[in-house]
Amino acid sequence: MSKPAAQQSAFKQLFTEMLTQGGDFSKVNKDLKRPLKTYVKESYPFFLVTDGYFFVQAYFTKEAVAEFRSKFNNVNITDLHDRVIVLNSWSLEIRKVNSAETFTSYGNLEIRLIVNSFKPNLNERLNPTRYPINLFRDDELKTQIQQFRWNAINAAAGKAKSEIPDLARVQTASKGKVEGIVKIGSSKGDDFAEFSFKEGTTATLSLKDIFVQEKGKDASPAKDTTAVPKVKGGAKGKGKAAQKSAEKKAAGVSKSAEKVLKYTPSKSVAKKETPQKGAAGKQSAKKSVGGKKATPAMPSPGGKKSIKTTDQMSMNQFKKYLDWHEAKKGGKTIGKRSTTGKASTASGKASKRSKK
Amino acid sequence: MSSTAPAAVAAPKKARAAKKATPSKDAAPKAKRGESQRYKYSELNKASLTSGEAQHIYGVIIDATFPYKTNQDRYICSLKIVDPSLYIKSQKGTGDSSDFATVVLYAKRFEDLPIITRLGDIIRVHRATLRLYNGQRQFNANIFYNSSWAVFPQEGAGHGGASHSGKNYSFEKSEDATLANIRKWAQGYFQQYNVVSSDLYVPLAKAAGQKSDFDVVAKVNQVFELDEYTNELRLRDGSGAQTWNVLALKLKFPNVHAGDVVRIRSATYDETSTQKKVLLLSHYSNILTVPANSKLAKEVKAKAGDEKLDKAAINGVNATVLTEVDKKHAGLPVHSLLDLFHNIETDKEIQSKDTFRTQFYVTKIESADVKEWTKSYDKKTKKGASFKGQKGNANAIYQVQFLVKDVSTQFNSNTYKVLLYTHDGLGANFFNTPADNLYTNDKAAKKLQEYSGLLTKFNSWVDAVVERRNGFYFIKDTKIAF
């Protein structure tokens, strides 16, 4: 029989060796345990790394994440899509999973790549030789996992006690009942679990937790996971956009309010509703911006649609701010103070400025 | 659904009533938009390149991709079609790219595109635009806009069994003749010509040297059920001695059977498989069956031959079926062990029958001592006695118990008894040697020992016919194939 060709895929070689050694990583050849340079095919919601032929899911320990953050605090793990990373310290372990739910598994067994230490090579680009496919969909690896299971089943079947039905019994009617089911193994449930390997239990951080740590709870992940995540945008961008739209709306409403102010109601109502002449010209002070209910005198500086004044400074607070500012700037005042006792337009501008 | 000519609606007398009145029940139904137009079908080579008008065509499919997604809201299916005006004329099989037209169908949903599983089916496209692309006539049809397609099977009469885009499809009476003519032409064409020219596929022997994806035409020697989702097809095309493997999802390619000749559209060589030859498929790859009575199928079958079972090559890398069933049971559907042992109470079909075909692997054979596989049987007492210490072989029968599993029972913690008890003659030829006193017949004992080793090897499978009697399943009409 001719010698098999050298294995091109690092992952396939490692995972095959792991299965050959009965799921015991300590027995895997030391020469194969070198640092691995991999390309990140996807970084969220699954962290998939590829060796140019196949992709597997990488699981990070708490120490790996902590070490990465201490050394590369300006790089997000969940933004490493399309980058090269070097896995300095890693291991493999086998876990029993439900393959219907875990796509990086087969035959209800997953060989996990546990990453204990890694670093990015941000300036390096790798072009995979072919479109990477799921290693657990490879023909040969599927066969090897099946053999792994078969070995365990055979061992259990060898120990199972089953009687050979005698010739007289098989010639007697069984009243429709089918006989011949023999239970193997000692597992209580229906699923076969009598494997000889020691199931891995290494604690790893979920990628969702890493994402929340890096981006915050409110940050929603990009729907297109193949797109390169961008750092810009997020809450700040939204805030600015919202403020601009609110200011536009405020400008539009103020025009409407002008028309309302010009309308002269009947005498009986006029006293109640017509604003005073003195204040009428001070549009910023008198025009309402939001809702049907009583509204604040000034447009909300935060750009919110809320009719409440929760984000505005009260007069007392504003006076305190002015005092603080004067003390800091050596007595310079921000805007003109009205000597006539009228509400100063500068106060509106100053309060806006203070909110920025 | 056939089209009907539009009927005039009776105009009411008063103008006001005219606005409000609805057609009475007695009036003829209002014609649907487009029903009255007769489609004028162009021959592929004669369709005008300059008119810019929408074209309607009929064509015979000689190649097709599986519908695939190209971006967020676009799916594509690309086909090659021929007709009496444009086809591969050379009988020897070599041609060039001008011997067919391509059809590209665009849609916003996967389900709006055809899934082509057979060469020779006939496609009709309405409102396609024609252009030249790389010297080839290319018909483009936007299904999400106003184009439509319908696919008719090559065999059969009329337009029954058609698949189509949209909820309905129109079919005018005049099309009966068009469809019948092109069907007849296609059947003759496939029988006389190779249809797929040799430049349109790569022999398997040259597959390893291909740098990009390529097409294959080969015979399926075996369809092996790898797991509940996947079949493994074993292919040969006669270009080399080796057999190639390709994984085909059951859901995607349910109609591929052993003995079929297939055209695989877009495969790549898997350089990471070192123990066997493997082809990889992409999401747009397709497996199309070639009509069994076609010239191409007959040539490929003759070249490919059958893979002979080689005992020395049974090493667990490839699934090997060690047995063969009697020809009279060749048409029996295969039942899983789950059906035979667990679903018998709920499945009326299984309750009503007693003969089944099933496939399994053997985890254990009992008795463990091969010499105890045969017994001396007393019909009166219905008892079997060991031959140990005996000289003769009177009334020798096989009494062997196989503990087996299959794909359907892969994950549970059971094995299942399948018996080889030959007291009534069932399965007497299974081991290709009559039952004998194995304590004295060393030759037979040695042969059975060899069978025992092969049967309990990883990836060795048994394809057997079994009969249910008194609650037990007994092997019959099956024998080891070497």
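What you see is a predicted model; the values in this text were computed from it and never measured.

## Points about the overall build of chain A
Per the secondary structure count, chain A includes eleven helices and seven strands. Considering only contacts in chain A between residues 6 or more positions apart, those separated by 24 or more positions represent 70%. Here chain A has roughly 22,300 Å² of accessible surface; of this, 52% comes from carbon and sulfur atoms.

## Concerning the overall build of chain B
In terms of helices and strands, chain B carries six helices and 24 strands. In terms of C-alpha radius of gyration, chain B reaches 30 Å, well past the compact-globule figure of 23 Å for 482 residues. Each of the three principal axes of chain B carries a C-alpha extent, and together these read 110 × 60 × 40 Å. Partitioning the intrachain contacts of chain B with sequence separation of at least 6 by distance along the chain shows that 68% fall at a separation of at least 24. Counting every atom, chain B has about 23,400 Å² of accessible surface; 48% of that belongs to carbon and sulfur. One finds the centroid of the 69 positive side-chain charges in chain B at a distance of 5 Å from the centroid of its 50 negative side-chain charges.

## Let's talk about the packing of aromatic side chains
The final tally for this structure, using the stated rule, is 42 aromatic pairs over all chains. Considering the side-chain rings of B:Phe356 and B:Tyr473, the 6.3 Å spacing of their centres and the 65° angle between planes classify their relative orientation as edge-to-face. One end of the pair, B:Phe356, is in strand β17 (residues 355–366); the other, B:Tyr473, is in strand β23 (residues 472–476), with 117 residues separating them in the sequence. Accessibility assignment for this pair places B:Phe356 and B:Tyr473 in one class, buried. Site record: aromatic cluster; members linked through ring pairs are B:Trp373, B:Tyr398, B:Phe402, B:Phe430, B:Phe431, B:Tyr451 and B:Phe482. Against the face of A:Phe25 rests A:Lys33, its NZ or CZ located 4.4 Å from the ring centre.

## Side note on the interface of chain A and chain B
Taken together, the 57 residues of chain A in the interface contact 59 residues of chain B. Between chain A and chain B, roughly 4,800 Å² of surface is buried when both sides are summed, and carbon and sulfur atoms account for 56% of that area. Summed over the shared surface of chain A and chain B, the result is three salt bridges. Salt-bridge contacts for B:Lys276 lead to A:Asp139; the nearest nitrogen and oxygen are separated by 3.0 Å. The interface formed by chain A and chain B contains 28 residue pairs in polar contact (both at pLDDT 80 or more). Listed by contribution, the elements that provide at least two residues to the side of chain A that touches chain B are α3 (139–159), α4 (167–170) and β7 (181–183) of chain A. It is α3(A) that provides the largest number of residues to the side of chain A that touches chain B, a total of 13 residues. Grouping the amino acids of the side of chain A that touches chain B by side-chain chemistry returns 23 nonpolar, 18 polar and 16 charged. Taken together, the three bridges between β7(A) and strand β21 (residues 414–421) of chain B define a ladder with antiparallel strand orientation. Following the sheet pairing, A:Lys183 is matched in β21(B) by B:Asn414.

## Examining the domain arrangement of chain B
Interfaces are often sized by the accessible area lost when the parts come together. All names here are of chain B. By the assigned domains, chain B splits into domain 1 (55–192), domain 2 (201–307) and domain 3 (320–480). Distance from the C-alpha centre of domain 1 to the C-alpha centre of domain 2: 24 Å. Each side of the interface is counted separately: domain 1 has 19 residues, and domain 2 has 17 residues. Buried surface at the junction of domain 1 and domain 2, both sides included, amounts to about 1,600 Å², of which 52% is carbon and sulfur. Ranking the residues of domain 1 by area buried against domain 2 places Phe 66, Thr 117 and Leu 119 at the top, with a combined share of 36%. The shortest N-O distance in the salt bridge between Arg 263 and Asp 63 comes to 3.0 Å. At the junction of domain 1 with domain 2, the criterion picks out eight residue pairs in polar contact (both at pLDDT 80 or more). Taken together, the elements giving at least two residues each to the side of domain 1 that touches domain 2 come down to β2 (55–64), β3 (68–71), β4 (74–82) and α2 (174–192). The residue makeup of the side of domain 1 that touches domain 2, split by class, is eight nonpolar, seven polar and four charged.

## A short note on the sheet that holds strand β12 (residues 244–249) of chain B
Residues and elements named next belong to chain B. With mixed pairing, the five strands of this closed barrel are ordered in space as β10-β11-β12-β14-β13. For this sheet, the mean inter-axis angle between neighbouring strands, taken without regard to orientation, is 55°. In terms of strand pairing, strand β10 (residues 214–225) meets strand β13 (residues 261–269) through five bridges, oriented antiparallel. Directly across from Val 216, in β13, lies its bridge partner Ile 264. Where helix α3 (residues 295–304) meets the sheet, it contacts β10, β11 (230–236) and β13, and its direction lies at approximately 65° from that of β10.

## A look at the environment of A:Met18
Looking at the secondary structure, you find A:Met18 in helix α1 (residues 10–20). The buried category is assigned to A:Met18, whose relative accessible area is 0%.

## Points about the nonpolar core
All names here are of chain A. Membership of the largest hydrophobic core comes to 63 residues, with the highest contact counts inside it found for Phe 15, Phe 47, Val 49, Phe 60, Leu 92, Leu 113 and Phe 118. Among the secondary structure elements, those contributing two or more residues to this core are α1, β1 (36–42), β3 (54–60), α2 (62–71), β4 (84–96), β5 (109–121), α3 and α5 (207–215). Ranked by the residues each element gives to this core, the list is headed by α3, at eight residues.

## Here we look at the pairing of β1(A)
Residues and elements named next belong to chain A. Of all the seven residues making up β1, six are buried; the element is thus mostly covered by neighbouring parts of the structure. Of the strand pairs in this sheet, β1 and β4 are connected by four bridges, and their pairing is antiparallel. Bridged to Tyr 39 within β4 is Val 84. As judged from the three bridges shared by β1 and strand β2 (residues 48–50), these two strands associate in the antiparallel manner.

## Notes on the environment of B:Val103
Residue and element names in this part refer to chain B. For Val 103, the location among the structural elements is in strand β5 (residues 101–107). Given a relative accessible area of 1%, Val 103 falls into the buried group. Separated by 26 residues in the primary sequence, Val 103 and Thr 129 have C-alpha atoms spaced 9.7 Å apart. Sequence-distant contacts of Val 103, defined by excluding residues within four places in its chain, comprise Ile 57, Cys 77, Ser 78, Leu 79, Ile 81, Val 125 and Phe 139.

## Focus on the packing of α1(A) against α3(A)
Residues and elements named next belong to chain A. Here α1 crosses α3 at 15°, and the two axes come no closer than 10 Å. In terms of their interaxial angle, α1 and α3 are classed as roughly parallel. Note on packing geometry: the crossing formed by α1 with α3 is left-handed. Across the interface between the two elements, Lys 12, Phe 15, Thr 16 and Leu 19 from α1 touch Glu 140, Leu 141, Gln 144, Ile 145 and Phe 148 from α3.

Criteria and cut-off values
- Residues numbered from 1 in each chain as written.
- Chains lettered and ligands numbered in written order.
- Predicted model: local features only at pLDDT ≥ 70, side-chain atom pairs only at ≥ 80, totals over all residues.
- Heavy atoms only, no water.
- Helix = DSSP H or I, 4+ residues; strand = E, 2+ residues; numbered from the N terminus.
- Contact = heavy atoms within 4.5 Å.
- Areas by Shrake-Rupley, 256 points an atom, 1.4 Å probe, with all protein chains shown as cover.
- Rg over C-alpha atoms; globule rule 2.2 N^0.38 Å.
- Lys, Arg positive; Asp, Glu negative; His and termini not counted.
- Charge placed at Lys NZ, Arg CZ, Asp CG, Glu CD.
- Phe/Tyr/Trp six-rings, centres within 6.5 Å; stacked < 30°, edge-to-face > 60°.
- Buried < 20%, exposed > 50% of the residue type's maximum accessible area, 1.4 Å probe, protein only.
- Lys NZ or Arg CZ within 6 Å of the ring centre and 35° of its normal.
- Buried area = accessible area lost by both parts, 1.4 Å probe.
- Salt bridge = Lys/Arg side-chain N within 4 Å of Asp/Glu carboxyl O.
- Polar contact = N/O pair within 3.5 Å; in protein donor to acceptor, adjacent residues only side chain to side chain.
- Nonpolar A, V, L, I, M, F, W, Y, C, P; charged D, E, K, R; others polar.
- Pairing = 2+ DSSP bridges.
- Domains from an automatic or database assignment.
- Axes fitted to C-alpha atoms, helices over the stretch in contact; angles between N-to-C directions.
- Core = buried A, V, L, I, M, F, W, Y, C linked by side-chain atoms within 4.5 Å.
- Parallel < 35°, antiparallel > 145°, perpendicular 65-115°, else oblique.
- Left-handed = near helix turned anticlockwise from the far one by under 90°.

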